[in-house]
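Architecture and fold: a report
So you can see what is in the structure, the chains are spelled out below.
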Amino acid sequence: GSLALALRHDGQLQRALECYEQAVLLSPSEPGLLVNRARALRDGGKLAAAVSSFRQAVACEPGAANVWSMLSNALREAGELDAALDAARRALDLEPRSFEAHLNEGAALHRLGHFESASASYIAVAASDAAMRSAALANLSAGLSTPAFRRALEGSPTLALALRLARIDGTPPTLGAGDAV
C-alpha cells in the first residue's frame, strides 16, 4: 500500500495501480487500500473502475462518512447523479456536519436542476466550515450565473432571504418589511 501511494504521488499511476491490485488481492476487505486504489483509478481517468472500488470500500466500512463522500464525488464525475446524491445523503446521515457531504449533495442537486435545494446545501457548507466557505461560495456563484438558477432564486423568497443573510448574493444582510424568518 505505501509503495503504491508513493508511486501514485510520483505520477507513476500504472505502476501504482499494479501495486494496489496486488495489495487488494492480499487484503480484499481493507477499506484504505480500496479507497487509494479508487483514487488512483480516478486519477487515471478510469471512472467506472474507481466507482466500483469506492463501492467496495463502503461495503467494507459502511459507517465511514468520508468514504461515502468520496463515492458521491466519483459518482457525480461519472454522471451518475441520482446515485451521487444518495451517497452524499448517506454521508450526511452518518456525519450531519460534514462539509464535503454538503458540498457533494449541493453539486449533485445542482446538476440535477434542483437549484434551491443545491443552494441550501452550499449555504450549509458556508455556514458550518470557514475553510470550505470559498468552495461553497464558488459553487453557489457558478449557479447564480445561470438563468435557470436565477429563476429558481426569484421564485423563492425564503432562499433569497437566506442568501442575503449569508451575504452570498452581495446585498446587505438586512430584513425587509416583507421578509419572514
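Up top you'll find the structure we're talking about.
Residues numbered from 1 in each chain as written. Predicted model: local features only at pLDDT ≥ 70, side-chain atom pairs only at ≥ 80, totals over all residues. Heavy atoms only, no water.

Regarding the pattern of salt bridges
By the definition in use, this model includes four salt bridges. Its salt-bridge partner being Asp43, residue Arg8 comes within 2.9 Å of it at the nearest N-O pair. On the criterion of sequence distance, the pair formed by Arg8 in helix 1 (residues 2-9) and Asp43 in helix 3 (residues 31-43) is long-range, its members being 35 residues apart. On the basis of relative accessible area, Arg8 is assigned to the buried category, the value being 15%. Residue classification places Asp43 among the partly exposed positions, given a relative accessible area of 40%. Between Glu105 and Arg89 there is a salt bridge whose closest N-O contact spans 3.1 Å. Separated by 16 residues along the polypeptide, Glu105 in helix 7 (residues 99-111) and Arg89 in helix 6 (residues 81-94) bring together distant segments of the chain. With a relative accessible area of 11%, Glu105 lands in the buried category. (Salt bridge = Lys/Arg side-chain N within 4 Å of Asp/Glu carboxyl O. Helix = DSSP H or I, 4+ residues; strand = E, 2+ residues; numbered from the N terminus. Buried < 20%, exposed > 50% of the residue type's maximum accessible area, 1.4 Å probe, protein only.)

Some details on the packing of helix 2 (residues 13-26) against helix 3
Where helix 2 meets helix 3, the closest approach of the two axes is 10 Å, and the angle between their N-to-C directions is 155 degrees. When the axes of helix 2 and helix 3 are compared, the pair comes out roughly antiparallel. Of the two elements, helix 2 crosses helix 3, and the hand of that crossing is left-handed. Contact residues: Leu13, Leu17, Tyr20, Glu21, Ala23 and Val24 in helix 2; Leu33, Leu34, Asn36, Arg37, Ala40, Leu41 and Asp43 in helix 3. (Axes fitted to C-alpha atoms, helices over the stretch in contact; angles between N-to-C directions. Parallel < 35°, antiparallel > 145°, perpendicular 65-115°, else oblique. Left-handed = near helix turned anticlockwise from the far one by under 90°. Contact = heavy atoms within 4.5 Å.)

Topic: the side chain of His102
By the element assignment, His102 lies in helix 7. Judged by relative accessible area, His102 falls into the buried class, the value being 14%. A polar atom in the side chain of His102 sits 2.9 Å from the backbone oxygen of Pro96. Once residues within four sequence positions are removed from consideration, His102 is found in contact with Leu92, Pro96, Arg97, Ser121, Ala124 and Val125. (Polar contact = N/O pair within 3.5 Å; in protein donor to acceptor, adjacent residues only side chain to side chain.)

Topic: the packing of helix 6 against helix 7
It is at 8 Å that the axes of helix 6 and helix 7 come closest, and there the two elements cross at 155 degrees. The angle between the axes of helix 6 and helix 7 places the two elements in the roughly antiparallel class. Crossing of helix 6 against helix 7: the hand is left-handed. Facing Leu81, Ala84, Leu85, Ala88, Arg89, Ala91 and Leu92 of helix 6, the residues of helix 7 in contact are Ala101, His102, Asn104, Glu105, Ala108, Leu109 and Arg111. Looking at the contact of helix 6 with helix 7, its residues break down into nine nonpolar, two polar and three charged. (Nonpolar A, V, L, I, M, F, W, Y, C, P; charged D, E, K, R; others polar.)

A short note on helix 4 (residues 47-60)
A rise of 1.5 Å per residue sets the reference length of helix 4, with its 14 residues, at 20 Å; its end C-alpha atoms lie 20 Å apart and thus fit the reference within 8%. Those residues of helix 4 not exposed but buried are Ala50, Val51, Ser53, Phe54, Ala57 and Val58. Buried residues of helix 4, viewed axially, fall in a sector of 165 degrees; they line one side. Exposed and oriented more than 90 degrees from the buried face of helix 4 are Ala48 and Ala59. (Expected span 1.5 Å × (residues − 1). Arc of directions from axis to C-beta.)

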